[in-house]
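# Structure at a glance
Chain by chain, the residues:
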Amino acid sequence: MWELLTLLMLILTYFFWPKGKCLVVKYPNSLPALPLVGSLPFLPRHGHPHVNFFKLQRKYGPIYSLRMGSKTTVIIGEHQLAREVLIKKGKDFAGRPQVVTLGILSDNGKGIAFADHGAQWHLHRKLVQATFALFKDGNQRLDNMICQEISLLSDFLATQNGQPVDLSLPVFLAVTNIMCFICFNFTFKIEDPEFKTIEHYINGIMDALGQNTMADIFPILQIFPNKTLEMMRNCVQMREQCLSEIIEKYKENFSSNSINTMLDVLIQAQMNSGNSNADPDQYSKLLSDKHILSTIGDIFGAGVETTCSVVQWTVAFLLHYPQLKKKIQEELDQNVGFNRTPTLSDRNHLLLLEATIREVLRIRPVAPMLIPHQAIVDSSIGGYAIDKGTDIIINLWALHHSEKEWDQPDKFMPERFLDPTGNQLISPSLSYLPFGAGPRTCIGEMLARRELFLFMAWLLQRFDFEVPDDGHMPALEGIPNVVFQVEPFKVKIKVRDAWREAQAEGSPQN
């Protein structure tokens, strides 16, 4: 009995213990690892992962490795190394880890966010970029749409004057409608069943991604009942049914003479796939209805939850820093006034507001560890060898909280993004990568920056944000997930006296 057990352990150790490296090659420092479980017993069990990884840098340095089961993962926590991964050697590290949860979410690697490096990812990213080119800077159609949704949001908030409000749902509706306009050229009302379905499945997906199921480390565990995987499957099925119905209805009225939306671009590419110089069958497979659905689903997931989160984080910080809010409003009053609503051209004058948004993106990055990358070839980082198939995590939290790069990094200081005179925006450190960089950079950065500026400028022009009468301040610790979410909170919305007075004299003109 004991002999058989010993033999079994030796066999398992042989297959699962990290294989010896050539002594000539230098690899990053590594956390201890055991057979089968890897470094899991040596990782902190409490706290936010991005903070824990940052703390481990004190012992192991700005680049180190660990093993998740039998898989090697390298953690990067310094901006020169991060830029080497993302930009200088972006093609080497353009892969995505293929794990169970993300496999379900991406329908086995379709779309762009979680798709592995390859022809499908290249094609769909190119098509999404073509869509955003339709709405490039100077295109008033998108800006007008954003402002229209913010106007509706403002009108709703005005009805809540003096009441504590949870901004999450009304902001979610506004941002969802902006994405619907880009993808489908239509919008929802809050009571529409389709909107409620989108809200439900996006929230469910975010909850599932936050569970960190062990099946992602040990795939064999997916054969057992798993509530997280079941939740993900149900939400993805809900997403597919909802978006499939929208896409099928859209196709009925599609015209190749009018390409105005993301779905237009994708359908047109699908129709032209048979005429491609490349293998028509292969090209057509990359543009199947399922591929189109996954790409649209990615754009919704990435474009809605991220912007909603940053808007709420900004409001939360302004509640903690009321004097800053007052200064931003003074800047608005002086440069915009009340005879019109803010436009993107005001970014050149509303410097404190822009600096505040940048500081929110620094101190509470949308994705504290970005989306993991994977080496698609044998390569190196900072002189350390990185084997093909190694997962790479860029700890953006570490980059944005480095004491070597930032003065008092844990302190909320928008002025760090302004020159000493306060009259010019500056980039104080290369260790600032809120949207990533390189081939896998956030494809919606331009849209997100426009939305964030217009949302905050409009709301602060018209409203005061105050702590509710119960004195409950929003927590600033956050909820670690793929998107770093603020804990739910309420804010007292009050129409500004100066705005009221302006309305008494005449309505502002857009």
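Anyway, here's the lowdown on the structure attached to this text. Chains are numbered independently. Their residues run from 1 in the order of the written sequence. This being a predicted model, a pLDDT of at least 70 is required before a residue's local features are given, and a value of 80 or more before pairs of side-chain atoms are given or counted; all residues contribute to the totals for chains, interfaces and linings. Remark: hydrogens and water are excluded; side-chain values derive from all non-hydrogen atoms of the structure.

Okay, the sheet that holds strand 10 (residues 491-495) next. Spatial ordering of the open sheet is given by 4-10-9, a layout of three strands whose pairing is antiparallel. Whereas interior strands pair on both sides, the edge strands pair on one side only; in this sheet they are strand 4 (164-165) and strand 9 (463-466). Strands are labelled as partners when DSSP assigns at least two bridges between them. What counts as a helix is a DSSP run of H or I of at least four residues, what counts as a strand is a run of E of at least two, and both are numbered from the N terminus. Inspection of the sheet shows strand 4 paired to strand 10 by two bridges, in the antiparallel sense. Within strand 10, the residue paired with Pro164 across the bridge is Lys492.

Now for unusual backbone geometry. In this structure, Asn185 is a non-glycine residue whose phi angle is positive, near 65°. Tracing the sequence through the fold places Asn185 in the loop between helix 7 (168-184) and helix 8 (193-209). Of note in the backbone geometry, Gln408 takes a positive phi value of approximately 45° without being a glycine. Mapped onto the fold, Gln408 is located in the loop between helix 15 (396-400) and helix 16 (445-462).

Attention shifts here to the nonpolar core. Within this scheme, the nonpolar core is defined by two criteria: the residues are buried Ala, Val, Leu, Ile, Met, Phe, Trp, Tyr or Cys, and they are joined through side-chain atoms within 4.5 Å. Three exposure classes are used, based on accessible area relative to the maximum for each residue type with a 1.4 Å probe and protein chains only: buried under 20%, partly exposed in between, and exposed over 50%. Membership of the largest hydrophobic core comes to 124 residues, with the highest contact counts inside it found for Ile182, Phe184 and Phe465. Ranked by residue count, the leading element in this core is helix 12 (residues 289-320), at 15 residues. Here a residue-residue contact requires only that any non-hydrogen atoms of the pair lie within 4.5 Å. What Phe184 contacts, discounting residues up to four positions off in sequence, is Leu243, Ile246, Tyr250, Thr261, Leu263, Ile296 and Phe300. Residues Leu86, Leu370, Ile394 and Leu396 belong to the second largest nonpolar core, which totals 18 residues.

Moving on: the packing of helix 10 (residues 262-272) against helix 12. Packed helices, taken two at a time, are described by the angle between their axes plus the distance between the axes. Only the stretch in contact is used when fitting a helix axis, every axis being a line fitted to C-alpha atoms; angles between N-to-C directions are given from 0 to 180 degrees. One can describe the packing of helix 10 onto helix 12 by two numbers: an axis separation of 11 Å at closest approach and a directional angle of 160°. One way to sum up the angle between helix 10 and helix 12 is to call them roughly antiparallel. Helix-helix and strand crossings are classified by hand; for helix 10 and helix 12 the assignment is right-handed. In contact with Met262, Leu263, Leu266 and Gln270 of helix 10, helix 12 contributes Asp289, Ile292, Thr295, Ile296 and Ile299. Partitioning the contact of helix 10 with helix 12 into residue classes produces six nonpolar, two polar and one charged. Any angle that is under 35 degrees is reported as roughly parallel, and any over 145 degrees as roughly antiparallel; angles of 65 to 115 degrees are reported as roughly perpendicular and all others as oblique. Note: crossing handedness is left-handed where the near helix turns anticlockwise from the far helix by less than a right angle, and right-handed where it turns clockwise. The residue classification treats Ala, Val, Leu, Ile, Met, Phe, Trp, Tyr, Cys and Pro as nonpolar and Asp, Glu, Lys and Arg as charged. All others, Gly included, are polar.

Attention shifts here to helix 5 (residues 119-133). Residue count minus one, scaled by 1.5 Å, sets the expected span of a helix. Helix length check: helix 5, at 15 residues, gives a terminal C-alpha distance of 21 Å against a target of 21 Å (1.5 Å per residue), a fit within 8%. The set of residues buried in helix 5 consists of Gln120, Trp121, Leu123, His124, Arg125, Leu127, Val128, Thr131 and Phe132.

Relative to the elements of secondary structure, Pro414 occurs in the loop between helix 15 and helix 16. For the pair Pro414 and Val128, spaced 286 residues apart in the sequence, the C-alpha separation amounts to 32 Å. Leaving out residues up to four positions away in the same chain, Pro414 has contacts with Leu324, Ala355, Thr356 and Glu359.

To continue, consider the pairing of strand 3 (residues 71-76). As paired elements, strand 2 (residues 63-68) and strand 3 share six bridges and run antiparallel to each other. Bridging across to strand 3, Ser65 finds its partner in Val74. Hairpin geometry of strand 2 and strand 3 is characterised by an intervening segment of two residues between the two adjacent antiparallel strands and by a positive phi of about 70° at Gly69. Bridge count for strand 3 against strand 8 (residues 391-394) is four bridges, and the pairing is parallel. For Ile75, the partnering residue across the bridge sits in strand 8 and is Ile393.

As a further point, take the packing of aromatic side chains. Only rings of Phe, Tyr and Trp enter the pairing, Trp through its six-membered ring, and a pair is recorded when the two centres are within 6.5 Å. The plane angle decides the type: under 30 degrees is stacked, over 60 is edge-to-face, the rest tilted. Inspection of the entire model under this criterion finds 15 aromatic pairs. Residues Phe338 and Trp499 carry aromatic rings whose centres are separated by 6.4 Å and whose planes lie at 75° to one another, so their mutual orientation is edge-to-face. On the criterion of sequence distance, the pair formed by Phe338 in the loop between helix 13 (322-335) and helix 14 (351-363) and Trp499 in helix 17 (residues 497-505) is long-range, its members being 161 residues apart. Across the pair, exposure class does not vary: Phe338 and Trp499 are buried alike. A centroid spacing of 6.0 Å and a plane angle of 85° characterise the contact between Trp397 and Phe484, whose relative ring orientation is edge-to-face. With Trp397 in helix 15 and Phe484 in the loop between strand 9 and strand 10, this residue pair connects regions lying 87 residues apart in the sequence. In this structure Phe484 comes out as buried when scored by relative accessible area, which is 0%.

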